[in-house]
Amino acid sequence: MNHSFMHQDAKSRLVDQLTYFDEEKINFLHQYLPEHNQKRRLVEKTLSDYSFFLKKLINNLNEEDLNARALIGSELELRFLEDDCSETFTIVFPHHADPGRNRISFLSPIGFQLLMTQSNQTYQLDIPSGEMSVKVEGIKFVHCDDKNENE
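Residues numbered from 1 in each chain as written. Predicted model: local features only at pLDDT ≥ 70, side-chain atom pairs only at ≥ 80, totals over all residues. Heavy atoms only, no water.

(A) Region of the structure containing the overall build of the chain. Within the chain one finds four helices and five strands. Ordering the α and β elements of the chain from the N terminus gives α-α-α-β-β-β-α-β-β. The C-alpha atoms of the chain give a radius of gyration of 15 Å, which matches the 15 Å a tight globule of 151 residues would have. Within the chain, buried positions represent 41% of all 151 residues. The long-range fraction of contacts in the chain, counting pairs at least 24 apart against all pairs at least 6 apart in sequence, stands at 53%. Surface summary for the chain: the accessible area is close to 8700 Å², and the carbon and sulfur share equals 47%. Between the mean site of the 16 positive side-chain charges and the mean site of the 25 negative ones, the chain shows a separation of 5 Å. (Helix = DSSP H or I, 4+ residues; strand = E, 2+ residues; numbered from the N terminus. Rg over C-alpha atoms; globule rule 2.2 N^0.38 Å. Buried < 20%, exposed > 50% of the residue type's maximum accessible area, 1.4 Å probe, protein only. Contact = heavy atoms within 4.5 Å. Areas by Shrake-Rupley, 256 points an atom, 1.4 Å probe, with all protein chains shown as cover. Lys, Arg positive; Asp, Glu negative; His and termini not counted. Charge placed at Lys NZ, Arg CZ, Asp CG, Glu CD.)

(B) Quick look at the packing of aromatic side chains. A full pass over the atoms with the stated rule returns ten aromatic pairs. Between F28 and Y32, the aromatic rings sit 4.9 Å apart at their centres with planes inclined by 45 degrees, giving tilted as the arrangement. A residue pair is termed a helical-turn pair when its members lie 3 or 4 positions apart in one helix, as F28 and Y32 do in helix α1 (residues 3–32) at four residues. By relative accessible area, which is 2% here, F28 ends up buried. Here Y32 falls in the partly exposed class, since its relative accessible area comes to 26%. On the numbers, 5.8 Å between centres and 85 degrees between planes, the contact of F93 with F106 is edge-to-face. With F93 in the loop between β2 (85–92) and β3 (103–105) and F106 in the loop between β3 and α4 (109–114), this residue pair connects regions lying 13 residues apart in the sequence. Given a relative accessible area of 0%, F106 falls into the buried group. (Phe/Tyr/Trp six-rings, centres within 6.5 Å; stacked < 30°, edge-to-face > 60°.)

(C) Expanded view of the nonpolar core. If you look at the biggest cluster of nonpolar residues, it comprises 38 residues, and the most contacted ones within it are L14, F21, L71, F106 and L114. Among the secondary structure elements, those contributing two or more residues to this core are α1, α2 (38–59), β1 (74–80), β2, α4 and β5 (130–141). With residues near it in sequence (within four places) discarded, L14 still touches L54, L57, I58, L61, L66, L71 and F141. (Core = buried A, V, L, I, M, F, W, Y, C linked by side-chain atoms within 4.5 Å.)

(D) Here's a closer look at the pattern of salt bridges. Under the defined criterion, the tally for this structure stands at four salt bridges. Notably, a salt bridge pairs D49 with K45, separated by 2.8 Å at the nearest N-O pair. Taken together, the residues D49 and K45, both in helix α2 and four residues apart, mark about one turn of the helix. A relative accessible area of 48% means that K45 is categorised as partly exposed. Here R79 makes a salt bridge to E137, at a shortest N to O gap of 3.0 Å. (Salt bridge = Lys/Arg side-chain N within 4 Å of Asp/Glu carboxyl O.)

This is the structure we're talking about:
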């Protein structure tokens, strides 16, 4: 697959995400967060921030920027600093989550905290047992095998 085609495919996927959240955000929130509470408000704000970020990214899309921040469809290489272990997983839409294939929902506790994070940065993640320090060692937009992640 040539570089230009991959670039256009990535742009098309990001435009699809932007369109989906523009047209279906309310239905999405009703489906996954039916109660109007603080968590729903936080997800709604994050989706607005994510859509704003996608608009800027799409307007000047290049490979470096595409792989600089964790997006829905990004594969992340994480280093867990406490035990110096690495793990790679992809952030996906909730209905495409598959832990056996290292695909985590962007609504999952870890996926949500890592959405829009930057490569080569260290983050403190809140987990049920406390906090965990991770370094995002690499990000690559792969958008998985699925034709339309958001359908």
